[in-house]
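What follows is each chain in one-letter form.
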Amino acid sequence: MDGSVLTLEMMVVLGLLAFTVFLFVSEIIRIDLAALLVMALLGILSTVPGLGNLSDGADLFAGFSSNAVISIIAVMIVGAGLDKTGLMSKVAALILKRGGTTEGRIIPIVSGTVGVISSFMQNVGAAALFLPVISRISARTEIPMSRLAMPMGFCAILGGTITMVGSSPLILLNDLLATANDMLPAGQQMEPFGLFSVTPIGIMLVLTGVLYFVLLGRWILPGQRGRGEDAGAARSMQDYIENTYGLRADMFELSVPEGSILIGQTLSDVMVAHHLYILGTSYKGHKVIAPMADTVIEAPCRLAVLGLRRALEDEFCTPYNVKILPALDIFADDFAATESGVAEVVIPPGSSVIGQSPIDLRLRSKHGLSILAIHRGEDTLSHVETEDHVATHIGAVPLQAGDTLVVHVRWEKLTRLKQDRDYVVVTSDFPQEELRPNKVNWALGFFAMTLGLILFTDLLLSLCLLAGALGMILSRVLSIDEAYDAVSWSTVFLLASLIPLGQAVQNTGTAAWIAGQILTLLDGWPLWALQAGLAVLATAFTLVMSNVGATVLLVPLAVSIAFEAGGDPAIFALTVAISTSNSFLIPTHQVNALIMGPAGYRVVDFVRSGGIMTILFLVVSLVGLSIFF
């Protein structure tokens, strides 16, 4: 097909591209629905005489079985398996311990880590692996997930430029150079690039991305968004207690040193005497959540306490030589909104626990329930004395039918309690899942196997990841239903529906025509301008077609232009392969599509944040190429 002549098929494809961009930017309909609509239009138009090259009917739905889409499905399942063992929560805790709870410190740690991981595994895999991590961090710090996901996702894309195996275009580049060498004389053969040839440029790009979000993040990142993680974090435990039951209290971690006169007293005595709740203890590395009321305090130890700061400071800490830590430390993960919180449990008529007290029932040791209050009729009984409530030793109060127990509990314990007919769990908006820490070795084993297959075999990426996903299911780290639930199907449909449009751009010669028109404009320009023009062209192409497709199409053109202009063809080819990772403007890149749903992003968010990142990428990559090559 003559790429210099604009055919009817090309005009139709250009119209569909413009229509797709309009739907994405205007958001008249959901972005995944827009992609499905464009795919359907492509199929219908291909039946019109003269438009047969738009799509082969047999391949219209091939995107759903593509390597990229199957890889995304599998990597989501692998990530969910690691999260199910509690491993991702531990990673989040480690990051918070090193980086604190401020956005300015968390972003560089998370983004830098993802960038490094992305240098030796596919960037969508690195991003999917860290989605559960940033979800945990968001819940614990009350930083909206929408302010963490984009820096993480962008740096996952940037990290793919650190090594020659970090992204598909760079993996493909040496093969394309070898093909081009077959048509060149012996004296003009191009040498293949080594594994770390691009490392200096990749590091420059990752550092640029990190600095970009650290310095400008407060203005370019959207605020409160997401599918519920942020809302759950914002509705903190102490707010709920105060608003519903009039009990004002805050969570603190106390350090009890040697010599404190608290030593030897029981938790029950301390709670009743000082109107506070002790929800956790830690002594010599042994941590207990919802400890038994008759537990004796030993030192040095840590206590997780719910109470009033003023009362704690004046009536407790000073007399007992106890220190309030500035933030939760040892107990930070245990009392995160994703792990535990306040719930309401009703005693139904006919329950066998009626007439017995919480102490008699040993609710702490048996069910992990720390009783904060008992709501009975119009009254609320609690340890805490307020203007409306007199302090009561609620552990000794016999329970009655209809009592509402306000409890602090780990969500996994509450999930189990739902099976006990003696209690009715009223609270429903909590993570109703049970972690499987006993499966962590299986999960890590299959994750390591997946990485090994990716790095040391020639198997398809999708097959490597699918093997890991199946391992997670067969070893019962996840059930098959949990695996289905772990997949963001809107992301799958978005990517699968856009793949036929990218194929139409290539098959109809539209890509070659666009390239030809732009390169005609660059004719006679200096070498640096030609190189910059190729970088811009590759950036534009990767927004509307796969980065692999853009690389395959543009590398031969780049080599030809370099020879004609007297430049280094290998460097021009490398410019194209790096620039096809410059995909931040719209959510067509796999990583952008992956983070869009969980973080609640709109296309305009990518246009605003990605626009500046696109320019920075072009400038930094071209400067790096000029310095190191």
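Refer to the structure above for everything that follows.
Residues numbered from 1 in each chain as written. Predicted model: local features only at pLDDT ≥ 70, side-chain atom pairs only at ≥ 80, totals over all residues. Heavy atoms only, no water.

We now examine the overall build of the chain. The helix and strand inventory of the chain stands at 26 helices and 10 strands. Burial analysis of the chain (629 residues in total) assigns 54% to the buried set. Sequence separation of at least 24 residues holds for 77% of the intrachain contacts in the chain that already meet a minimum separation of 6. Accessible surface computed for the chain: about 26500 Å², of which carbon and sulfur atoms make up 60%. (Helix = DSSP H or I, 4+ residues; strand = E, 2+ residues; numbered from the N terminus. Buried < 20%, exposed > 50% of the residue type's maximum accessible area, 1.4 Å probe, protein only. Contact = heavy atoms within 4.5 Å. Areas by Shrake-Rupley, 256 points an atom, 1.4 Å probe, with all protein chains shown as cover.)

Tallied over the full model, the rule gives 10 salt bridges. Its salt-bridge partner being Glu103, residue Arg147 comes within 2.9 Å of it at the nearest N-O pair. Highlighted residues: Arg147 in the loop between helix H6 (123-141) and helix H7 (149-159) and Glu103 in helix H5 (residues 103-118), separated in sequence by 44 residues. Residues Arg302 and Glu253 are paired through a salt bridge, measuring 2.7 Å at the closest nitrogen-oxygen approach. Of the two residues, Arg302 is situated in strand E4 (residues 301-307) and Glu253 in strand E1 (residues 250-256); the sequence distance between them amounts to 49 residues. Residue classification places Glu253 among the buried positions, given a relative accessible area of 0%. Through salt bridges with shared partners, a single ionic network connects Lys84, Arg436 and Glu482. (Salt bridge = Lys/Arg side-chain N within 4 Å of Asp/Glu carboxyl O.)

This part is about helix H26 (residues 603-628). Taking 1.5 Å per residue as the helical rise, H26 with its 26 residues ought to reach 38 Å, and the 35 Å between its terminal C-alpha atoms agrees with that figure. At Gly610, H26 shows its maximal bend, which comes to roughly 35°. (Expected span 1.5 Å × (residues − 1). Bend = angle between axes of the 7 residues up to and from the residue.)

In this section: the nonpolar core. Counting residues in hydrophobic clusters, the biggest one holds 130 residues, and the most contacted among them are Val110, Phe130, Ile137, Met152, Leu173 and Ile578. In contact with Val110, not counting residues within four places along its chain, are Ile95, Phe130, Ile134, Ile137 and Met152. Formed by 32 residues, the second largest nonpolar core is a distinct cluster that contains Phe331, Leu369, Leu399 and Leu414. (Core = buried A, V, L, I, M, F, W, Y, C linked by side-chain atoms within 4.5 Å.)

Let's shift gears to the side chain of Asn582. Here Asn582 is to be found in the loop between helix H24 (569-579) and helix H25 (590-599). Here the side chain of Asn582 touches Thr614 through a polar contact of 3.2 Å, landing on its backbone oxygen. What Asn582 contacts, discounting residues up to four positions off in sequence, is Thr539, Thr542, Met613, Thr614, Phe617 and Leu618. (Polar contact = N/O pair within 3.5 Å; in protein donor to acceptor, adjacent residues only side chain to side chain.)

Reading across the sheet, the five strands line up as E3-E2-E4-E1-E5 and stay open at both edges, with antiparallel pairing between neighbours. The open sheet has two edge strands with one neighbour each: strand E3 (286-289) and strand E5 (323-324). Bridge count for strand E2 (residues 277-283) against E4 is six bridges, and the pairing is antiparallel. From the neighbouring strand, Gly280 faces E4, where its bridge partner is Ala304. (Pairing = 2+ DSSP bridges.)

Attention now goes to a nonpolar patch on the surface. On the surface, Leu211, Val214, Leu215, Leu216, Trp219 and Ile612 cluster together into a nonpolar patch covering about 570 Å² of accessible area. Ranked by residues supplied to the nonpolar patch, first place goes to helix H9 (residues 199-220) with five residues. Tracing the backbone through its elements, the reader meets Trp219 in helix H9. On the basis of relative accessibility, which here comes to 59%, the residue Trp219 falls in the exposed class. (Patch = residues over 30% accessible without salt bridge, like charges linked within 9 Å, V, L, I, M, F, W, Y side chains within 5 Å.)

We now examine the pairing of E1. Of all seven residues making up E1, five are buried, and the element is well covered by its neighbours. Note: E1 against E4, seven bridges, orientation antiparallel. Across the sheet, the residue bridging to Leu254 is Leu303, located in E4. With two bridges joining them, E1 and E5 adopt antiparallel strand pairing. In the sheet register, Ser255 faces E5, and the bridge partner there is Lys323.

Okay, the sheet that holds strand E6 (residues 340-346) next. Strand order in the open sheet formed by five strands is E8-E7-E9-E6-E10, with antiparallel pairing between adjacent strands. Strands with a single pairing partner mark the edges of an open sheet, and in this sheet they are strand E8 (379-382) and strand E10 (424-425). Summarising the sheet, E6 and E10 pair through two bridges and their orientation is antiparallel. Pairing of Val346 across the sheet is with Val424, part of E10.

Turning our eyes to something else, we now look at the environment of Tyr320. Structurally, Tyr320 is set in helix H13 (residues 309-320). In this structure, the C-alpha to C-alpha distance between Tyr320 and Ser260, residues 60 residues apart in sequence, is 5.7 Å. Each residue touching Tyr320, except ones within four places of it in the same chain, is listed here: Ser260, Ile261, Leu262, Gln265, His274 and Glu315.

Further remarks concern the pairing of E6. Burial of E6 is extensive: six of the seven residues sit out of reach of the surface. Note that E6 and strand E9 (residues 404-410) share seven bridges and pair antiparallel. Considered in E9, the bridge of Val345 is made with Leu405.

Aromatic ring pairs are described here by two measures, namely the spacing of the ring centres and the angle between the planes. Counted according to the given criterion, the structure contains 10 aromatic pairs. Aromatic pair Phe316 and Tyr320: ring centres 5.1 Å apart, planes at 50°, arrangement tilted. Of the two residues, Phe316 and Tyr320 both sit in helix H13, four residues apart, roughly one turn of that helix. The class for Phe316 is buried, based on a relative accessible area of 2%. (Phe/Tyr/Trp six-rings, centres within 6.5 Å; stacked < 30°, edge-to-face > 60°.)

One way to put it is that helix H22 (residues 527-544) packs onto H24 with a least axis distance of 8 Å and a crossing angle of 30°. Between H22 and H24, the angle falls in the class roughly parallel. Where H22 crosses over H24, the handedness of that crossing is right-handed. Side by side, H22 and H24 meet where Leu527, Leu530, Gln531, Leu534, Ala535, Ala538, Thr539 and Thr542 of the first sit next to Ile571, Phe572, Thr575, Val576 and Ser579 of the second. By residue class, the composition of the contact of H22 with H24 is eight nonpolar, five polar and no charged. (Axes fitted to C-alpha atoms, helices over the stretch in contact; angles between N-to-C directions. Parallel < 35°, antiparallel > 145°, perpendicular 65-115°, else oblique. Left-handed = near helix turned anticlockwise from the far one by under 90°. Nonpolar A, V, L, I, M, F, W, Y, C, P; charged D, E, K, R; others polar.)

Attention now moves to H25. For H25, the buried fraction is high: eight of the 10 residues fall into the buried class. Looking at H25, one finds that the buried residues are Val591, Asn592, Ala593, Leu594, Ile595, Met596, Pro598 and Ala599. With its phi angle positive at about 70°, Gly600 sits one or two positions after the end of H25.

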